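# Report on the structure
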Amino acid sequence: MKDNADYTPPKVWSWDAENGGQFAKTNRPVAGATHDKALPEGEHPFQLYSMATPNGVKVTVLFEELLEAGHTGAEYDAWLIRIGDGDQFGSGFVELNPNSKIPALLDRSGEAPQRVFESGAILLHLAEKFGAFLPKEAGRRTEALSWLFWQMGSAPYLGGGFGHFYAYAPEKFEYPINRFTMETKRQLDVLDRHLAEHEFMADEYSIADMAIWAWYGQLVLGRLYDAAEFLDVESYSHVMRWAKAIDARPAVQRGRMVNRAFGDPALQLHERHSAEDFETRTQDKIGG
């Protein structure tokens, strides 16, 4: 890798498969499947293929919140997609999500199976299907959707920008770290100013909170990029209050465990097929 100050872009870019740091083996400039691999399916109406990254956590939190609220039709099977191993490039996954990103959902609850991809689309699909966690009053519904789409547009600066250059890039460079730190702190300030006047993003707990919490809530709770001190997250007191309140919800605690394949084995539930799995199938109990 050339030093940043000496790099001049070529007239036509070419892919150096060995240049890319931690994710060099899974990042590539072309789409499509790399291998044939069918996806497993369980017995429940909803089949989720995911991993407990922030985008995955959004959806498992919603499923667990729906079930806790009494929506028994929201029973789901959650299958682990190991993105570090390239599972997202298997032919079955690519059929569900041509963009090869988790999460992907197969909804078999209707007359014909329906694929749903992009985490925000999955949240909206489920909230509308069950009439839950999306305000019914028109103004607040629009507010919730505005914040949902704010998260979808903002988080790439946090994950692909700040997180990549601060935590994952093979070399540390001051300019991109400063650039994306500035934007991440600006976004945290946007949230802090709003939450100073609102308990939740659209006044009532909704999919907007779930989506934003998975990224920014976990960031300020010290779970992303080991960057809480660097970002001075305690200074965003209203975001901290909101993040801790959501973190205390039992459904959120369960949702964080689903498709988790890192960290404390007691908090890892690689696959979820029933509520009992949280008691009997965590990695500390089954090993492997």
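Residues numbered from 1 in each chain as written. Predicted model: local features only at pLDDT ≥ 70, side-chain atom pairs only at ≥ 80, totals over all residues. Heavy atoms only, no water.

## A short note on the overall build of the protein chain
What the protein chain contains, in helices and strands, is 10 helices and four strands. Starting at the N terminus, the α and β elements of the protein chain follow one another as β-α-β-α-β-β-α-α-α-α-α-α-α-α. Taking 19 Å as the expected radius of gyration for a compact globule of 288 residues, we find that the protein chain reaches 20 Å, a close match to that expectation. Along the three orthogonal principal directions, the C-alpha set of the protein chain runs to about 60 × 50 × 40 Å. Per-residue burial for the protein chain yields a buried fraction of 47% across its 288 residues. (Helix = DSSP H or I, 4+ residues; strand = E, 2+ residues; numbered from the N terminus. Rg over C-alpha atoms; globule rule 2.2 N^0.38 Å. Buried < 20%, exposed > 50% of the residue type's maximum accessible area, 1.4 Å probe, protein only.)

## Observations concerning the layout of surface pockets
Of the volumes computed, that of the second largest pocket is approximately 200 Å³. Looking at the second largest pocket, it is lined by 13 residues, and the ones nearest its centre are Lys37, Pro40, Leu80, Ile81 and Asp87. Considering only residue class, the lining of the second largest pocket consists of seven nonpolar, two polar and four charged. (1 Å grid on protein atoms, 1.4 Å probe; cavity = no way out; pocket = protein on both sides within 12 Å on 5 of 7 lines; lining within 4 Å. Points joined across faces, edges and corners; volume = space filled by probe spheres on them. Nonpolar A, V, L, I, M, F, W, Y, C, P; charged D, E, K, R; others polar.)

## Things to note about the UniProt feature "domain: GST C-terminal" (unreviewed entry) in the protein chain
Feature annotation in UniProt assigns "domain: GST C-terminal" (unreviewed entry) to the following positions: residues 137-267. From the first C-alpha to the last, residues 137-267 spans 37 Å; its make-up is 66% helix and 0% strand. (UniProt positions renumbered as here; feature names shortened; annotations may be inferred.)

## Thoughts on the sheet that holds strand β3 (residues 104-107)
What the four strands build is an open sheet, ordered β2-β1-β3-β4; its pairing is mixed. Both outer strands of the open sheet, β2 (76-80) and β4 (114-117), are each paired with one neighbouring strand and no more. Each adjacent strand pair in this sheet contributes to an overall mean axis angle of 20 degrees, direction not counted. Relative to β2, strand β1 (residues 46-50) runs parallel, the two sharing five bridges. The residue bridging Gln47 from the neighbouring strand is Asp77, located in β2. (Pairing = 2+ DSSP bridges. Axes fitted to C-alpha atoms, helices over the stretch in contact; angles between N-to-C directions.)

## Looking at the packing of aromatic side chains
The final tally for this structure, using the stated rule, is 13 aromatic pairs. Summarising the aromatic geometry, the rings of Phe46 and Phe63 are spaced 5.6 Å apart at their centres and angled 55 degrees between planes, so their arrangement reads as tilted. Highlighted residues: Phe46 in strand β1 and Phe63 in helix α1 (residues 54-68), separated in sequence by 17 residues. Assessed through its relative accessible area of 0%, Phe63 is described here as buried. Taking 5.9 Å as the distance between ring centres and 85 degrees as the angle between the ring planes, the aromatic pair formed by Phe133 and Tyr205 counts as edge-to-face. (Phe/Tyr/Trp six-rings, centres within 6.5 Å; stacked < 30°, edge-to-face > 60°.)

## As for the environment of Ile102
Within the element layout of this structure, Ile102 appears in the loop between α2 (91-96) and β3. A residue is classified by how much of its surface remains accessible, and Ile102, at 11% relative accessible area, is buried. Put simply, Ile102 and Gln283 are 181 residues apart on the chain and 22 Å apart in space, counted from C-alpha to C-alpha. Beyond its immediate chain neighbours, meaning those up to four positions away, Ile102 contacts Tyr49, Ser50, Met51, Thr53, Asn55, Gly56, Ile81, Ile83 and Phe93. (Contact = heavy atoms within 4.5 Å.)

## Quick word on the pattern of salt bridges
Taken as a whole and assessed by the stated rule, the structure comprises 15 salt bridges. As a salt-bridge pair, Lys37 and Asp87 come within 3.8 Å of each other at their nearest N and O atoms. A residue pair is termed long-range when its members are at least 10 positions apart, and Lys37 in the segment before β1 and Asp87 in the loop between β2 and α2 qualify at 50 residues. Taking the shortest distance from any N to any O, the salt bridge between Glu41 and Arg108 comes out at 2.6 Å. You can see Glu41 sitting in the segment before β1 and its partner Arg108 sitting in the loop between β3 and β4, a full 67 residues away along the chain. We classify Glu41 as partly exposed; its relative accessible area is 47%. A network of salt bridges, in which partner residues are shared, links Glu64, Glu68, Glu75, Arg254 and Arg272. (Salt bridge = Lys/Arg side-chain N within 4 Å of Asp/Glu carboxyl O.)

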